[in-house]
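Residues per chain, in single letters:
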Amino acid sequence: MSEDRPEGPPEDRPEAPPLALHPTGSTERAGLTRPSGPTGPTDAHATDAHAAALAHALLAAERGYPVFPLTRNKLPALRSPHRGHPEVPPCRGECGRLGHGVHDASTDPLTIRRMFAAAPWATGYGLACGRPPHHLIGIDLDTKHGADGLTALRFLAEQHGFPIPPTITVLTPSGGRHLWLTGPPSPVITNSAGRLAPGIDIRGAGGYLVGPGSLTVHGHYTLAPDTPQRPAPVPDALLALLTAPPPSTRREPPPGVPPQPAAALVSFVRASPAGQRNARLFWAACRADESGLGQELAARLTEAARHTGLSAQEARATIASATRHRQEGGKRGNP
Ligand SMILES: [Zn+2]
């Protein structure tokens, strides 16, 4: 994501001290569940973080997810054996050495231990998406920079009539969440950022998700409370959206006032369940504002919000805050 500063290659980092691994003990204290012990993001805990990441990675592998070690910046921890001499075509591990990023991902415990031993600075792990048996699709819902990926996904779900199934959910340190879904072997789902909506990134074939139990510079990735044991299959209508041609080749919205999106925004607010009323209103007001419909829709959005039980005063305050937020965001977005 854009917040992450790329770090230098591993050879630019100070040599990490030799690491005592705990090949049998560590798997017991951390599973594919919420980590039980706090391991703060300090160097003093680096060894613990490494052991915890390895333990979580091994457990994920046991459940069929191919994994590989990550740095604190969520980058592949093993350096490429081809650095400075890029292969044409690019090597994806055919040379038999490690250091090919997501292509290193494995479910073999010995290979995983070997990778972590070669990268003692690793404090996290990635799960390769798109690979059998799960053909994992990661729905990365952002909450940074004014995006609200979860509300955006709810809007898409209502517009296109698909459920958001209960599924494995990982909470990110920045307040976002990753939904894990299983896909079919084909069509292949590829990575995309913001294609479905701002705040929704897709991790597919060739991409990876930071696994729960990983420690990054921003903090821990953890499983959401009461997360199911297995990922749910991707809903058909969502799969159709994911495999649709990219937006540039789709029809452009008609010039002038697009009546359908406006109506959809209003009904999205009108259908808000308790607990989502302000988030949905705020999100819809931001979208209306983006489309130049802010003033025009303010009264209809207020009315829709009142229908859900918000007072006119609360609704107007939320809409005003969305307008302010958009104005401030616009300034920040132009450095
Ligand atoms: Zn190679």
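Before reading further, recall that the structure is shown in the block above.
Owing to the predicted nature of the structure, the values given are computational and were not obtained by experimental measurement.

Time to look at the overall build of the protein. In terms of regular secondary structure, the protein is built from 9 helices and 12 strands. Looking at the protein residue by residue over its 335 residues, the buried ones come to 37%. Taking all contacts inside the protein whose residues are at least 6 apart in sequence as the whole, residues at least 24 apart take part in 73%.

Since the α-helix turns once every 3.6 residues, residues separated by three or four places project in the same direction. With 17 residues, helix H2 (residues 46-62) ought to run about 24 Å at 1.5 Å a step, and its terminal C-alpha atoms sit 24 Å apart, in line with that. Within H2, 13 of the 17 residues are buried, which leaves the element mostly enclosed by the surrounding structure. At the exit of H2 stands Gly 64, carrying a positive phi of roughly 100°.

A few words now on the environment of Cys 286. On the secondary structure map, Cys 286 appears in helix H7 (residues 277-290). Excluding residues within four positions of it along the chain, Cys 286 makes contact with Ala 322, His 325 and Arg 326.

In this section: the nonpolar core. Ala 57, Val 67, Leu 127, Ala 284 and Leu 301 are the most contacted members of the largest nonpolar core, which has 72 residues in total. In terms of residue count, H2 provides more of this core than any other element does, 11 residues in total. Here this core spans two domains, since at least three of its residues come from each of domain 1 (10-243) and domain 2 (258-332). Apart from residues no more than four positions distant in its own chain, Ala 57 is found in contact with Val 67, Ile 112, Tyr 125 and Gly 211.

Now for the packing of H7 against helix H8 (residues 294-307). Contact geometry for H7 and H8: axes closest at 9 Å, N-to-C directions at 165°. Judged on the interaxial angle alone, H8 and H7 are roughly antiparallel. Helix-helix and strand crossings are classified by hand; for H7 and H8 the assignment is right-handed. Counting all contacts with H7, which are made through Arg 277, Leu 281, Ala 284, Ala 285, Ala 288 and Asp 289, the residues of H8 involved are Gly 294, Leu 297, Leu 301 and Ala 305. Across the contact of H7 with H8, the residue classes tally to 7 nonpolar, 1 polar and 2 charged.

With that settled, the discussion passes to the pairing of strand E6 (residues 192-197). When E6 meets strand E7 (residues 200-203), the two strands line up antiparallel, connected through 3 bridges. Looking at the pairing, Ser 192 lines up with Ile 202 of E7. In textbook terms, the turn of a hairpin is the stretch between consecutive antiparallel strands, and for E6 and E7 this stretch comprises 2 residues, one of which, Gly 199, has a positive phi near 95°.

For the rest of this paragraph, the subject is the sheet that holds strand E1 (residues 67-70). Spatial ordering of the open sheet is given by E1-E2-E8, a layout of 3 strands whose pairing is antiparallel. Only two strands of the sheet have a single neighbouring strand rather than two, namely E1 and strand E8 (208-210). Going from strand to strand, the sheet's axes swing by 35° on average, the running direction of each strand aside. With 3 bridges connecting them, strand E2 (residues 124-128) and E8 associate as antiparallel partners. Among the inter-strand pairings, Leu 127 is bridged to a residue of E8, identified as Leu 209. Across the sheet, H2 touches E1 and E2, and the angle it forms with E2 is around 20°.

To continue, consider the packing of H2 against helix H3 (residues 109-118). One can describe the packing of H2 onto H3 by two numbers: an axis separation of 10 Å at closest approach and a directional angle of 160°. Comparing the axis directions of H2 and H3 gives the class roughly antiparallel. Viewed along their axes, H2 and H3 form a crossing whose handedness is right-handed. On H3, the residues that touch His 50, Leu 54, Ala 57, Leu 58 and Ala 61 of H2 are Pro 109, Ile 112 and Phe 116. Per-class residue counts for the contact of H2 with H3 are 7 nonpolar, 1 polar and no charged.

A few words now on unusual backbone geometry. Cis geometry is found at the peptide bond from Pro 132 to Pro 133, where omega equals 5°. Counting through the fold element by element, Pro 133 comes out in the loop between E2 and strand E3 (136-141). With an omega of 0°, the peptide bond running from Ser 186 to Pro 187 counts as cis. Among the structural elements, Pro 187 can be located in the loop between strand E5 (177-182) and E6. Here His 135, not a glycine, exhibits a phi torsion of approximately 50°, which is positive. Mapped onto the elements of the fold, His 135 is located in the loop between E2 and E3. One non-glycine residue with positive phi stands out, namely Asp 226, at about 60°. Within the element layout of this structure, Asp 226 appears in the loop between strand E11 (222-223) and strand E12 (232-233).

Rules used in this analysis
Every chain is numbered on its own, with residues counted from 1 as its sequence reads. Per-residue local features are limited, in this predicted model, to residues with pLDDT of at least 70; the limit for side-chain atom pairs, both in listing and counting, is 80 or more; totals at the level of whole chains, interfaces and linings are taken over all residues. Under the scheme used here, helices are H or I runs from DSSP no shorter than 4 residues and strands are E runs no shorter than 2 residues, and both carry numbers assigned from the N terminus. Each residue is classed by its C-beta neighbour count within 10 Å, where at least 20 other C-beta atoms makes it buried, 12 or fewer makes it exposed, and intermediate counts make it partly exposed; the C-beta atoms are placed from backbone geometry. Two residues form a contact once the distance between their C-beta atoms, set from the backbone, is within 7 Å. Under the convention used throughout, the expected extent of a helix is 1.5 Å for every residue step, that is, one less than its residue count. When buried Ala, Val, Leu, Ile, Met, Phe, Trp, Tyr and Cys residues are joined through C-beta atoms within 7 Å, the set is termed a nonpolar core. Domain delimitation follows an automatic or database domain assignment. Here an axis means a line fitted to C-alpha atoms, over the contact stretch when the element is a helix, while the angle between two N-to-C directions is reported on a 0 to 180 degree scale. Working definition: roughly parallel below 35 degrees, roughly antiparallel above 145 degrees, roughly perpendicular at 65 to 115 degrees, and oblique for all remaining angles. Each helix crossing is assigned a hand: it is left-handed if the near helix lies turned anticlockwise from the far helix by less than a right angle, otherwise right-handed if that turn is clockwise. Ten residues, namely Ala, Val, Leu, Ile, Met, Phe, Trp, Tyr, Cys and Pro, are considered nonpolar, four, namely Asp, Glu, Lys and Arg, are considered charged, and the remaining ones, Gly among them, are considered polar. When DSSP finds two or more bridges between a pair of strands, those strands are recorded as paired.

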